[in-house]
Amino acid sequence: MGVYVQIAAVLALVVIGYLTFRFNPLKLEIRSITFTAFMVMLSVVLSLLSIMIPLFGYPSLRIGLSQLPLMITGIFLGPSWAFVAGLIEDVLEVLIAPAGAPFFGFTLNKVLIAMIPALWMLLPKSKIKSFKYLPHLMLGVIYLTAMAFVVSIDQVKIGKEMFEVLISTKIGIFILSTLLVGFMLLMLNIIAKYFADRNYSFALTDWAISILWVELIVNLILTPFWLQVMYGIPFWFNVAPRLVKGTVMIQVNIVLGFILVNLVDKLMQGTRK
């Protein structure tokens, strides 16, 4: 199965790259090249400084800020440069700090981390996009989907052994997940109120939604799937600790990233004058 997943990931990269460069041609400008190079190197450095936590005996849970430079690149330079940035960052990371044979699923992750904010920013303004409670709605969808999955499983396979998921385990996961999501919703409100009275040119909602899309698609869906293919770690058992990590890192990425985005925006506006 691993070989087929690798092939599927490569095909996905080819298709995404083809569609991206066809509908959003790459503009070779000195400023764009310099900005992308700086953000890629910053992402690589932050990746090397990240903390890797082993799960089930494998390095599975990364805690760090390396995704922020890639996301900022996508927001300011668009999908084409985002694709290039994600691809180059993954190649450099593999060359500088190899952790085994390359897995193209993680290459796809890097590309999507940069491209998701870029694609979100391309969407026309609408009532749905400007809806200030859209991040809350997304968190609710993540929570309900996870709970539905927990209720539906009775057994999980770890390695070659099968383990029953007891009712008590499901109740424990339900209580913990409810508390974590409640905490995240509360923090979103606090963050929104904190920045509400400050003069920022970039919308907090756009950045928060970009963070949540990356968290949902890359960190809560694709990465657990890649690790299940590579190491046989059950999907949900990999999602659970990521929800715990998300209660902290989502808030950190929203606050720190929002400040950085507006700082970069002011700097870029200054260079245009």
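Everything here concerns the structure above.
Thresholds applied
- Residues numbered from 1 in each chain as written.
- Predicted model: local features only at pLDDT ≥ 70, side-chain atom pairs only at ≥ 80, totals over all residues.
- Heavy atoms only, no water.
- Helix = DSSP H or I, 4+ residues; strand = E, 2+ residues; numbered from the N terminus.
- Expected span 1.5 Å × (residues − 1).
- Buried < 20%, exposed > 50% of the residue type's maximum accessible area, 1.4 Å probe, protein only.
- Arc of directions from axis to C-beta.
- Phe/Tyr/Trp six-rings, centres within 6.5 Å; stacked < 30°, edge-to-face > 60°.
- Core = buried A, V, L, I, M, F, W, Y, C linked by side-chain atoms within 4.5 Å.
- Contact = heavy atoms within 4.5 Å.
- 1 Å grid on protein atoms, 1.4 Å probe; cavity = no way out; pocket = protein on both sides within 12 Å on 5 of 7 lines; lining within 4 Å.
- Points joined across faces, edges and corners; volume = space filled by probe spheres on them.
- Nonpolar A, V, L, I, M, F, W, Y, C, P; charged D, E, K, R; others polar.
- Axes fitted to C-alpha atoms, helices over the stretch in contact; angles between N-to-C directions.
- Parallel < 35°, antiparallel > 145°, perpendicular 65-115°, else oblique.
- Left-handed = near helix turned anticlockwise from the far one by under 90°.
- Salt bridge = Lys/Arg side-chain N within 4 Å of Asp/Glu carboxyl O.

Peer 1: Explain helix H2 (residues 30–48) here, please?
Peer 2: Given 3.6 residues per turn, any residue in an α-helix points the same way as the ones three and four places further on. Here H2 is 19 residues long and its end C-alpha atoms lie 27 Å apart, about the 27 Å a rise of 1.5 Å per residue gives. Within H2, burial applies to Ser-32, Phe-35, Thr-36, Met-39, Val-40, Ser-43, Val-44 and Ser-47. Burial along H2 is one-sided: seen end-on, the buried residues are contained in an arc of 165°. H2 presents Ile-30, Thr-34 and Phe-38 as exposed residues on the side facing more than 90 degrees away from its buried surface.

Peer 1: How should I be thinking about the packing of aromatic side chains in this particular structure?
Peer 2: Working definition: an aromatic ring pair is given by the centre-to-centre distance plus the angle between the planes. Per the counting criterion, the structure on display carries 5 aromatic pairs. Between Phe-21 and Phe-83 the ring centres are 5.5 Å apart and the planes differ by 80°, which places this aromatic pair in the edge-to-face class. Here the residue Phe-21 occupies a position in helix H1 (residues 2–23), and Phe-83 occupies one in helix H4 (residues 79–96), the gap between them amounting to 62 residues. Given the relative accessible area of 31%, Phe-21 is considered partly exposed. Overall, the relative accessible area of 7% leaves Phe-83 in the buried class. Pairwise contacts between aromatic rings join Phe-103, Phe-106, Phe-225 and Trp-226 into one cluster.

Peer 1: Teacher, can you tell me more about the nonpolar core here?
Peer 2: One broad rule of soluble globular proteins: the nonpolar side chains tend to lie buried together. Judged by nonpolar contacts, the single largest core of 58 residues is most densely connected at Phe-35, Ile-72, Phe-76, Trp-207 and Ile-254. Top element by residues in this core is helix H8 (residues 204–231). It accounts for 11 residues. Ignoring any residue separated from it by four or fewer positions in sequence, one finds Phe-35 in contact with Ile-72, Thr-73, Phe-76, Leu-77, Val-264 and Met-268.

Peer 1: Teacher, can you tell me more about the layout of surface pockets here?
Peer 2: Summary: where empty space remains is shown by rolling a probe the size of a single water molecule over the atoms. Of the pockets and cavities examined, the second largest pocket occupies roughly 370 Å³. If you trace the second largest pocket, you find 20 residues lining it, with Lys-132, Ala-192, Lys-193, Leu-204 and Thr-205 closest to the centre. Where the lining of the second largest pocket is concerned, the elements lending two or more residues are helix H6 (134–152), helix H7 (167–196), H8 and helix H9 (235–272). With 7 residues, H7 is the largest single contributor of residues to the lining of the second largest pocket. Tallied by class, residues from the lining of the second largest pocket come to 14 nonpolar, 3 polar and 3 charged.

Peer 1: Whenever I open this one, the environment of Met-115 confuses me. Can you help?
Peer 2: Summarising the element assignment, Met-115 is placed in helix H5 (residues 104–122). For Met-115, a relative accessible area of 3% corresponds to the buried category. Taking the C-alpha atoms as reference points, Met-115 and Ile-72, 43 residues apart in sequence, are found 9.8 Å from one another. With residues up to four places along the chain from it excluded, the contact list for Met-115 reads Ile-16, Thr-20, Pro-79, Ala-82 and Phe-83.

Peer 1: Explain the packing of H4 against H5 here, please?
Peer 2: Where H4 contacts H5, the two axes come as close as 8 Å, and the packing angle between them is 160°. Regarding the angle of H4 to H5, the classification is roughly antiparallel. Relative to H5, the crossing made by H4 is right-handed. Every residue of H5 that contacts H4 at Pro-79, Ala-82, Phe-83, Gly-86, Leu-87, Glu-89, Asp-90 and Glu-93 is listed here: Phe-106, Thr-107, Lys-110, Val-111, Ala-114, Met-115, Ala-118, Leu-119 and Leu-122. A breakdown of the residues in the contact of H4 with H5 according to their chemical character gives 11 nonpolar, 2 polar and 4 charged.

Peer 1: Help me out: how do you make sense of the pattern of salt bridges in this one?
Peer 2: Two side chains that carry opposite charge are able to pair once their charged atoms sit near each other. Evaluation of the coordinates by the stated rule reveals 2 salt bridges. Glu-89 is the salt-bridge partner of Lys-110, the closest N and O atoms lying 3.3 Å from each other. Of this pair, Lys-110 sits in helix H5 while Glu-89 sits in helix H4, and the two are 21 residues apart along the sequence. The buried category is assigned to Lys-110, whose relative accessible area is 11%. Note on Glu-89: relative accessible area 0%, which makes it buried. Linking Lys-110 and Glu-93 is a salt bridge whose minimum nitrogen-to-oxygen distance equals 3.1 Å. On the criterion of sequence distance, the pair formed by Lys-110 in helix H5 and Glu-93 in helix H4 is long-range, its members being 17 residues apart. Judged by its relative accessible area of 12%, Glu-93 falls in the buried class. Taken together, the shared-partner salt bridges in this structure form one network comprising Glu-89, Glu-93 and Lys-110.

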